[in-house]
Amino acid sequence: MGTISSALSLISQGLNADQSALNIVANNVANANTPGYTRQTANFEENQPVTINGVSYGAGVTETGPTSVRDRVLEERLAQQQQAASASGSRLAALNTLQALFTPASGSSSSTAGDIGSDLTGFFSSFSSFEANPGNNAYRQQVLSTAGTLAGDVSNAAASLNSQEAALDQEASGVTSQVNALTGAIGQLNQQIQSTSSSGDAGTLEDRRQQDLSKLSQLIGINQVTTEHNGLSITTTSGQLLVSEGSSFQLTSGMVGGVTHFFVGATDVTSQLAGGGGALGGYLTARDQDIPNALAGLDQLAYSVSTQVNTLNNAGTDLAGDAGKAGNIFSQPTLVAGSAVSMSVVMTDPNRIAAAGAGQGTGDNSNAVAMANLAEQSIVNGQTPTNFYSDFVTTLGSTVSRVETENTAQNASVTQLQSQWNAQSGVNLNDEASAMTTFERSYQAASQVFTMLDTLMASVLNLGDTTAVS
């Protein structure tokens, strides 16, 4: 009786273990499409053998609970690539908007900036036409008209850049609340994980934490540090603490110099976040680097053209014969910064255009020739106006191309790492079907043994008569 009872106990444990394993497989199948779910496997552990008269007898197995198939190194590499791809993606979107300002469709001025390159050519060419007949009112009107087109397009481009900068500032500011919500959730999950599974896998709790980490890494650049008892600390890439086990530290924002800056405690981390990754890094790079560079180029162009043209016009003689009193054609900038957005035509009387040189009669055209020749002179940072603008557009295009290449490569890396994660930690229904078949057959085999033992037990109780057991 003792031996049969022991055998029944062994088979009962086997049935329970197989049933537990089947439940794990069923849970995997049910969560096959759950984002971030990590595949779980059953763990079988041999029970302590029983020793009688020096002979050890097996005591069966127990299914000790599921373990998630998790590769923490792979998950961290994936998060790092997501940071980089998200940063270059948000920056690329901003750069494409910026570039669109300076690339009008063929045959039309579809961009806010119009075609500044053509405007420059048209403006200086109007002086070439004007110099042939300096007394012609139509040519004088053409000079002011082309000047107005140039000034308007430059000013509109600068205003659009300022608007884009403000929009990026708002986008960046909006990231703060998302970051704080995620760091707070991660801190709470840390507490739950440490209290329930301080030395082992926490299953879906760790899946939720990893999902939040993935979302956080797409917003800002972070570093992860594993702590005792299955905890986790998170810092910015420059080392400011955002999460320490169960505690989280808020990212705050405030205006500094007219733009949003970001703080952890009292530390301004704006520049570190710009280079750290995540969407915020891309926003800040575009806001603090790309747009200011474009504005600086436009400002230099507007300042140089306005100043040089005004200087020559004031040095000549206008149609009324006034020498040195013709006035400015463009608004006169006092500083390079801000010259583009404030560029405008202030001259309203075409007769004030000084075509003649100082001391020359009104029929002279020497000053008009000098203004036309500005097109071929290195008046903008050592370059001609058209060459400077051409280099400006080319440099912008090169930056867009480089960031686009980076983003493509980084997204490809994210896809590759995600595929590796799916292969290792994701649910494969074919594999689960195979595992289910294995555990079902094991369960059926144990059931058959259980039936045999039950039949044997009934026969023993009936003094050896064969007895059918229902």
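This report concerns the structure included in the present document.

Conventions adopted
- Residues numbered from 1 in each chain as written.
- Predicted model: local features only at pLDDT ≥ 70, side-chain atom pairs only at ≥ 80, totals over all residues.
- Heavy atoms only, no water.
- Pairing = 2+ DSSP bridges.
- Helix = DSSP H or I, 4+ residues; strand = E, 2+ residues; numbered from the N terminus.
- Salt bridge = Lys/Arg side-chain N within 4 Å of Asp/Glu carboxyl O.
- Buried < 20%, exposed > 50% of the residue type's maximum accessible area, 1.4 Å probe, protein only.
- Axes fitted to C-alpha atoms, helices over the stretch in contact; angles between N-to-C directions.
- Parallel < 35°, antiparallel > 145°, perpendicular 65-115°, else oblique.
- Contact = heavy atoms within 4.5 Å.
- Nonpolar A, V, L, I, M, F, W, Y, C, P; charged D, E, K, R; others polar.
- Phe/Tyr/Trp six-rings, centres within 6.5 Å; stacked < 30°, edge-to-face > 60°.
- Core = buried A, V, L, I, M, F, W, Y, C linked by side-chain atoms within 4.5 Å.
- Expected span 1.5 Å × (residues − 1).

Another aspect to go through is the sheet that holds strand 12 (residues 259-264). Taking strand neighbours across the sheet as the criterion, the three strands line up as 11-12-13 in an open arrangement whose pairing is antiparallel. The open sheet terminates on both sides in strands that have one partner only, identified here as strand 11 (251-256) and strand 13 (267-268). In terms of strand pairing, strand 12 meets strand 13 through two bridges, oriented antiparallel. Residue pairing for strand 13: Phe 263 is matched across the bridge by Asp 268.

A separate point is the pattern of salt bridges. On inspection of all chains with the given rule, the structure shows 11 salt bridges. Two residues, Arg 70 and Glu 75, come together in a salt bridge whose shortest N-O distance is 3.7 Å. With relative accessibility at 5%, the residue Glu 75 sits in the buried group. A salt bridge links Glu 206 to Arg 209; its shortest N-O distance comes to 3.9 Å.

Let us look at the packing of helix 2 (residues 72-100) against helix 5 (residues 204-217). Two measures define how a pair of helices packs: the angle their axes make with one another and the distance between the axes. Look at helix 2 against helix 5: their axes get within 8 Å of each other, and the N-to-C directions meet at 25°. Taken together, helix 2 and helix 5 sit at an angle that is classed as roughly parallel. Together, Arg 72, Glu 75, Ala 79, Gln 82 and Gln 83 of helix 2 and Glu 206, Arg 209, Gln 210, Ser 214 and Ser 217 of helix 5 make up the contact between the two elements. For the contact of helix 2 with helix 5, a count of residues per class yields one nonpolar, five polar and four charged.

A few words now on the pairing of strand 11. Pairing of strand 11 with strand 12 involves six bridges; the strand directions are antiparallel. Among the inter-strand pairings, Val 256 is bridged to a residue of strand 12, identified as Val 259. Counting the residues between successive antiparallel strands, the hairpin from strand 11 to strand 12 contains two residues, one of them, Gly 257, with a positive phi of roughly 60°.

This next bit is on the pairing of strand 8 (residues 231-236). For strand 8, the buried fraction is high: six of the six residues fall into the buried class. Residue alternation in strand 8 divides its side chains into two sets, Gly 231, Ser 233 and Thr 235 and Leu 232, Ile 234 and Thr 236, and both sets are buried. The loop that links strand 7 (residues 222-227) with its antiparallel partner strand 8 comprises three residues; one of these, His 229, has a positive phi angle of about 60°. Where strand 8 hands over to strand 9 (residues 241-244), the hairpin turn is made up of four residues, of which Gly 239 adopts a positive phi near 105°.

This brings us to the packing of helix 7 (residues 278-315) against helix 9 (residues 385-425). The interhelical angle for the contact between helix 7 and helix 9, taken along N-to-C directions, is 175°, at an axis separation of 11 Å. Here helix 7 is positioned roughly antiparallel relative to helix 9, judged by the angle of their axes. Facing helix 7, whose interface residues are Asp 290, Ala 294, Gly 297, Leu 298, Gln 300, Leu 301 and Val 305, helix 9 presents Pro 385, Phe 388, Tyr 389, Phe 392 and Thr 399.

Right, let's talk about the environment of Phe 439 for a bit. Of note, Phe 439 is situated in helix 10 (residues 429-461). The buried category is assigned to Phe 439, whose relative accessible area is 18%. The spatial distance from the C-alpha of Phe 439 to the C-alpha of Ser 20 is 9.5 Å, given a sequence separation of 419 residues. If near-sequence neighbours (up to four positions away) are discounted, Phe 439 is found in contact with Asp 18, Ala 21, Leu 22, Val 25 and Phe 44.

With that settled, the discussion passes to the packing of aromatic side chains. Tallied over the full model, the rule gives six aromatic pairs. Here the aromatic rings of Phe 123 and Phe 127 are separated by 5.2 Å at their centres, their planes lie at 80°, and the arrangement is edge-to-face. Here Phe 127 and Phe 123 lie together in helix 3 (residues 116-132), a separation of four residues that amounts to about one turn. Judged by relative accessible area, Phe 127 falls into the buried class, the value being 0%.

The next point concerns the nonpolar core. The biggest cluster of nonpolar side chains holds 76 residues, and the ones touching the most others in it are Phe 102, Ile 116 and Phe 330. Among the elements that make up this core, the one with the highest residue count is helix 4 (residues 137-196) (15 residues). Apart from residues no more than four positions distant in its own chain, Phe 330 is found in contact with Phe 123, Ala 147, Leu 150, Ala 151, Val 305, Ser 306, Val 309, Asn 310, Met 343, Ser 344, Val 345 and Val 346.

The end-to-end C-alpha separation of helix 3 is 25 Å, in line with the 24 Å expected for 17 residues at 1.5 Å each. Those residues of helix 3 lying buried are Ile 116, Gly 117, Asp 119, Leu 120, Phe 123, Phe 124, Ser 126, Phe 127 and Phe 130. Those residues of helix 3 hidden inside the fold are in contact with helix 4, helix 7, helix 8 (366-373) and helix 9.

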